[in-house]
Protein chains: 2
Amino acid sequence: VIGLGAMGAGVGRSLVRAGFTVYGCDVRSASVAAFAADGGTGAASPAELGRHCAIAIVLVVNAKQVDEVLFGHDGCVPAMQRGSLVIASSTIPPAFAEALGERLGEHGMLLLDAPLSGGVARAGDGTLTVMASGEPAAFAAAEPVLDAIAERVYRLGDQPGTGSKVKTINQLLAGVHIAAAAEAIALGIRAGVDPAVLYDVISASAGSSWMFQNRVPHILSGDYTPLSAVNIFVKDLGIVLDTAHALTFPLPVAAAAHQQFLAAAAAGHGAEDDVAVVKVYQALSGIDLPGDAAM
Amino acid sequence: VIGLGAMGAGVGRSLVRAGFTVYGCDVRSASVAAFAADGGTGAASPAELGRHCAIAIVLVVNAKQVDEVLFGHDGCVPAMQRGSLVIASSTIPPAFAEALGERLGEHGMLLLDAPLSGGVARAGDGTLTVMASGEPAAFAAAEPVLDAIAERVYRLGDQPGTGSKVKTINQLLAGVHIAAAAEAIALGIRAGVDPAVLYDVISASAGSSWMFQNRVPHILSGDYTPLSAVNIFVKDLGIVLDTAHALTFPLPVAAAAHQQFLAAAAAGHGAEDDVAVVKVYQALSGIDLPGDAAM
């Protein structure tokens, strides 16, 4: 496991629990030490990890980091044997996933384009959803690993890229739904409606979404500890818009949501929970958010 | 029941089934005849209905029509006795609902501000959700009627206006979610992903919403028969934006979604199902939508 952030650490623990010998590496030595305490084996670099492993799951933040840990200084690919498998589970541009499959093929290696959905809690439980595409040989090699980390594996095609396309479109909706939830709760507060009542009524009505039900409780409790951060959606909606831009395809709703996440990051909330996008509306209108009195 | 459109006809049938003597009126005589065939009693005008009824449920399209059927030529209010109840269940601006409560009070009448959620199917089943506010006496008088038409009644306060505020905010989310679903499916088609696969994967993922699950099947089947029309969201997101405008409150995400419904109406799809907003993306990009080959 390369990248022991919240998702990578959870995936690593699921693999340890399933009986695999699991090497993990991360630029943060504290994350590697925590993983070793959980039964994993620390590796000093992706290259060291590659010397021991036939399968590398990559769970770093973005495509640039994926490139670095695979092909950069002390990257794992030159250290891995021909026939080895890379499972790319970061959210990356579909075009990057397609090119990555070709580059690994030149090293005689396989790629499974396999973004994840389900969040940190399900990463730790081994009950993620995987949106995967790649050659049948890549699926065959990945199967025991996917069984250990996922409740549901969608096989979306024989070529890398399709998995990341589906994940990209999922992130379009997820990002718009978080921004809309924040906008709706903020308007409700401005109009004098109790936000807890709004949450109850709308959760049971046609205006509900998975994100509304999952994120609005963070607003109600005033707890913006990041499970997934504003900066993740600055990045992911950026991938959505860049992907559409390359296809000359307009996305006015996603673009409006992206601007709200950018505004939240501009106002200093980039590292807070993604639903801190509601603080953009607060900064403009002066509404009181739950928990403000205690701050 | 004043207004025997899809929602009003369903509510009327639920009341007949519950044993009430139910008068119904509508400007379309065919709707009145159909209601009479279902066990209701036709009324020639709101005034005639008012002479027979102590409770009037209003389910017309917008605030202008509510005003007309209550206070206009042959309106029901002058024909109803003091102490009678109006249940306003159309989606109307919260400020209109507040003023309506005062105007009916001047006639010695009660108002329950009681917008509905749940759609046409649940109107016919008597399993709607009601978002209601009004005086305790209005709730007491309305209770047997609400029991017959609704599975769930939210009591949101003692003043008309709060019910419509909550409904308005629900419509903000519902409208944004439909536009986002259309945008996401259209991008998927442009990127070469099977939209049926997108529907399956995203319905089980964090990008899902009630509207995504309910409306995307209409795109997949190519059936834009209106259950709720594009024009309804041109109106309802208009109410959302006007309500926020009156509060000097910005709604960039809802505004972007509203523009997409306006674009769909401009392109001639106003009377089609609301998810025909996807045809805006088709008109711009030339993507094939499911069912096109058969058209």
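In short, a report on the structure. Not measured: the values here are computed from a predicted model.

### With respect to the relation of the copies chain A and chain B
No. 1: The transformation that overlays chain A on chain B combines an axial shift of 0.0 Å with a rotation of 180°, and the residual RMSD is 0.0 Å. On this basis, the relationship between the two copies can be described by a two-fold rotation axis. Of the C-alpha atoms belonging to chain A, the one lying closest to the rotation axis is found on Ser 209 of chain A, 1.9 Å away.
No. 2: Here 100% of the contact residues of chain A are again contact residues in chain B; the copies associate through an equivalent surface.

### A word on the interface of chain A and chain B
No. 1: Taken together, the contact between chain A and chain B spans 56 residues of the former and 56 residues of the latter.
No. 2: For the pair chain A and chain B, the summed buried area comes to about 4800 Å², and 76% of that belongs to carbon and sulfur atoms.
No. 3: Summed over the shared surface of chain A and chain B, the result is zero salt bridges.
No. 4: Scanning the region where chain A abuts chain B turns up 12 residue pairs in polar contact (both at pLDDT 80 or more).

### What to know about the environment of Gly 134 of chain A
All names here are of chain A.
No. 1: Within the secondary structure, Gly 134 sits in the loop between β7 (128-132) and α7 (136-149).
No. 2: With a relative accessible area of 0%, Gly 134 lands in the buried category.
No. 3: Placed 22 residues apart in sequence, Gly 134 and Leu 156 show a C-alpha to C-alpha distance of 8.2 Å.
No. 4: For Gly 134, the contacting residues outside a window of four places in its chain are Leu 111, Leu 112, Phe 139, Gly 157, Asp 158, Gln 159 and Pro 160.

### Describing the pairing of strand β4 (residues 85-88) of chain A
All names here are of chain A.
No. 1: A two-sided burial pattern is seen for β4, the buried positions comprising Leu 85 and Ile 87 on one face and Val 86 and Ala 88 on the other.
No. 2: Bridge count between strand β3 (residues 55-58) and β4: four bridges; the pairing is parallel. Among the inter-strand pairings, Ala 56 is bridged to a residue of β4, identified as Val 86.
No. 3: Tracing the backbone out of β3, into helix α4 (residues 63-71) and back to the parallel element β4 gives a crossover that is right-handed.
No. 4: Across four bridges, β4 lies against strand β5 (residues 110-113) in parallel orientation. By the bridge assignment for β5, Leu 85 is matched with Leu 110.
No. 5: Crossover connection from β4 via helix α5 (residues 94-106) to parallel β5: handedness right-handed.

The rules behind the values
Residues numbered from 1 in each chain as written. Chains lettered and ligands numbered in written order. Predicted model: local features only at pLDDT ≥ 70, side-chain atom pairs only at ≥ 80, totals over all residues. Heavy atoms only, no water. Least-squares fit on C-alpha atoms with pLDDT ≥ 70 in both. Contact = heavy atoms within 4.5 Å. Buried area = accessible area lost by both parts, 1.4 Å probe. Salt bridge = Lys/Arg side-chain N within 4 Å of Asp/Glu carboxyl O. Polar contact = N/O pair within 3.5 Å; in protein donor to acceptor, adjacent residues only side chain to side chain. Helix = DSSP H or I, 4+ residues; strand = E, 2+ residues; numbered from the N terminus. Buried < 20%, exposed > 50% of the residue type's maximum accessible area, 1.4 Å probe, protein only. Pairing = 2+ DSSP bridges. Right-handed = clockwise from strand over helix to strand, strands pointing away.

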